[in-house]
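One letter stands for each residue in the lines below.
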Amino acid sequence: MKNTKKYKKRRLFITMAAMVLILVAVVIYVEGRLKDETELPPTAEEPVNEEPVEEVPDIENPVDEVPGGENKDNENENPAEKPQEPSTPVDINMVEDPAAIDALVNKKNNLSSTYVPEDLVKLEGIPTVLENPEINQLRETAYIALKDMFQAAADEEGYELHARSGYRSYGTQKDLYNSYVKNHGQAAADKYSAKPGQSEHQTGLSMDITCAAMNFQLDDTFGNTDEGKWVSENAHRFGFIVRYPKNKEDITGYFYEPWHIRYLGVELATKVYESGLTLEEYMESNM
């Protein structure tokens, strides 16, 4: 009888101990769940503080000036991934009279790093695209001619042309060229951007132009717009030529740029236009 009572007490003790352990486990589990919920990350609806991204200013929005269009090699490829082309040594000549209206500036004829035109003026009364004050300049004679051309385009056809990039200093061109190299590789950069000292923009006689139909960007499809066709057919009337024509890359050193015009004066510009030659070809045949 005594053994039976001891056995019952032992079973009761074991049962109670088991219940206590179960209760403790339940309490621990509930507390853990509550703690996990309070430590969950904020939901998508809750604001999360982020450090501001530092904006890197560009010299002249060079990314926008990488031309697109029909005359690119493998246009769907990333230029930075193209193999580097071996550079061919060329004889570099310094332009003797950089202030001359007919000065020939290219990969063989370079301007001094110190050359700055003395008669630069601010573009006034002309629609512009970018705010950089340096590039909103031209030499006075080219500025007057550009203003007349823009007005004629508006009066004759209702076209509104915009000036995007005029004078660039040697230093600005250096930064722009290096930006092209960094983003697209040197081989691609050499086809679209002039090295410092080799840019016509440094003469203060060249302007990149665009229009609303191009979203004010630079692209060789500008040549297919009504505005681009008008410029191609009429620029010489005001002393300008389209400096880098189509299918002349092996002569000019650059791809087709219907937006890039160069001031030569009405007489010379008309002769070059009517000859159908590039400025290099015309100069060589008339030396």
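Only a predicted model underlies this, so the values are computations on that prediction, with no experimental measurement involved. (Residues numbered from 1 in each chain as written. Predicted model: local features only at pLDDT ≥ 70, side-chain atom pairs only at ≥ 80, totals over all residues. Heavy atoms only, no water.)

Participant: Please provide a residue-by-residue account of the pairing of strand S6 (residues 206-211), values included.
Facilitator: The buried fraction of S6 is high, at six of six residues. Judged by which residues are buried, S6 turns out to be covered on both faces: Ser206, Asp208 and Thr210 on one side and Met207, Ile209 and Cys211 on the other are all buried. Of the strand pairs in this sheet, strand S5 (residues 161-165) and S6 are connected by four bridges, and their pairing is antiparallel. Among the inter-strand pairings, Ser165 is bridged to a residue of S6, identified as Asp208. Bridge count for S6 against strand S8 (residues 257-263) is three bridges, and the pairing is antiparallel. (Buried < 20%, exposed > 50% of the residue type's maximum accessible area, 1.4 Å probe, protein only. Helix = DSSP H or I, 4+ residues; strand = E, 2+ residues; numbered from the N terminus. Pairing = 2+ DSSP bridges.)

Participant: Describe the nonpolar core, naming the residues involved and giving the relevant values.
Facilitator: Counting 30 residues, the largest nonpolar core has Leu146, Met149, Trp230, Phe240 and Ile261 as its most contacted members. Those elements giving two or more residues to this core turn out to be helix H2 (140-157), S5, S6, helix H5 (226-234), strand S7 (240-244) and S8. Here the element with the most residues in this core is H2; it accounts for eight residues. Not counting residues within four places of it along the chain, the set of residues in contact with Leu146 comprises Ile126, Leu138, Ala163, Met207, Phe240 and Ile261. Among the nonpolar cores identified, the runner-up in size contains eight residues, and Leu264, Leu268, Ala269 and Val272 belong to it. (Core = buried A, V, L, I, M, F, W, Y, C linked by side-chain atoms within 4.5 Å. Contact = heavy atoms within 4.5 Å.)

Participant: So what about the pattern of salt bridges? Which residues, and what values?
Facilitator: In total, this model carries eight salt bridges according to the counting rule given. Here Glu156 and Arg237 are joined by a salt bridge, their closest N and O atoms 2.8 Å apart. Placement of the pair is Glu156 in helix H2 and Arg237 in the loop between H5 and S7, with a sequence separation of 81 residues. Residue classification places Glu156 among the partly exposed residues on the basis of a relative accessible area of 39%. Close ionic contact of Glu280 with Arg243 constitutes a salt bridge, the shortest N to O distance being 2.7 Å. Residue Glu280 is found in helix H8 (residues 279-285), and its partner Arg243 is found in strand S7; the two are separated by 37 residues along the sequence. (Salt bridge = Lys/Arg side-chain N within 4 Å of Asp/Glu carboxyl O.)

Participant: Describe empty space enclosed by the protein, naming the residues involved and giving the relevant values.
Facilitator: Taken as a whole and judged by the stated rule, the model has one cavity of 30 Å³ or more. Here the largest cavity defines a volume of roughly 210 Å³. Looking at the largest cavity, it is lined by 20 residues, and the ones nearest its centre are Arg168, Tyr192, Ser193, His201 and Glu257. At the level of elements, helix H3 (170-184) and S8 are the ones that each hand at least two residues to the lining of the largest cavity. For the lining of the largest cavity, a count of residues per class yields nine nonpolar, six polar and five charged. (1 Å grid on protein atoms, 1.4 Å probe; cavity = no way out; pocket = protein on both sides within 12 Å on 5 of 7 lines; lining within 4 Å. Points joined across faces, edges and corners; volume = space filled by probe spheres on them. Nonpolar A, V, L, I, M, F, W, Y, C, P; charged D, E, K, R; others polar.)

Participant: I'd love a proper account of the sheet that holds S5, names of residues and values included.
Facilitator: Each strand in a sheet pairs with its neighbour through backbone hydrogen bonds, running either in the same direction (parallel) or in the opposite one (antiparallel). If you walk across this open sheet you meet the four strands as S5-S6-S8-S7, and the pairing is antiparallel. For this open sheet the edge positions go to S5 and S7, each flanked by a neighbour on one side alone. Each strand of the sheet is rotated relative to its neighbour by a mean of 45 degrees, with strand direction disregarded. Across the sheet, H5 touches S5, S6, S7 and S8, and the angle it forms with S5 is around 80 degrees. (Axes fitted to C-alpha atoms, helices over the stretch in contact; angles between N-to-C directions.)

Participant: Explain the packing of aromatic side chains to me, using residue names and the numbers behind them.
Facilitator: Each aromatic ring pair is characterised by the separation of its centres together with the angle its planes make. Tallied over the entire structure, the rule returns four aromatic pairs. The ring of Tyr254 carries Lys107 above its face, with NZ or CZ at 4.7 Å from the centroid. (Phe/Tyr/Trp six-rings, centres within 6.5 Å; stacked < 30°, edge-to-face > 60°. Lys NZ or Arg CZ within 6 Å of the ring centre and 35° of its normal.)

Participant: Tell me about the environment of Gln198, and name the residues and values.
Facilitator: By the secondary structure assignment, Gln198 is in the loop between helix H4 (186-192) and S6. Residues Gln198 and Asn109, 89 residues apart in the sequence, show an inter-C-alpha distance of 6.9 Å. Aside from chain neighbours lying at most four places away, what touches Gln198 is Ile92, Val105, Asn106, Lys107, Asn110 and Tyr254. Looking at Gln198, its side chain comes within polar contact range of the side chain of Asn110, at 3.4 Å. (Polar contact = N/O pair within 3.5 Å; in protein donor to acceptor, adjacent residues only side chain to side chain.)

Participant: I'd love a proper account of the layout of surface pockets, names of residues and values included.
Facilitator: Sizing a probe to match a water molecule and rolling it over the atoms shows the empty space that remains. Each pocket or cavity is described by its volume, and for the second largest pocket that value is around 360 Å³. In terms of lining residues, the second largest pocket is bounded by 21 residues, among which Ser232, Ile241, Val242, Pro245 and Tyr273 are the most central. Counting only elements with at least two residues in the lining of the second largest pocket, the list comes to H5, S7 and helix H7 (266-275). For the lining of the second largest pocket, the class distribution of residues is 12 nonpolar, six polar and three charged.

Just distances and angles here, no functional claims.
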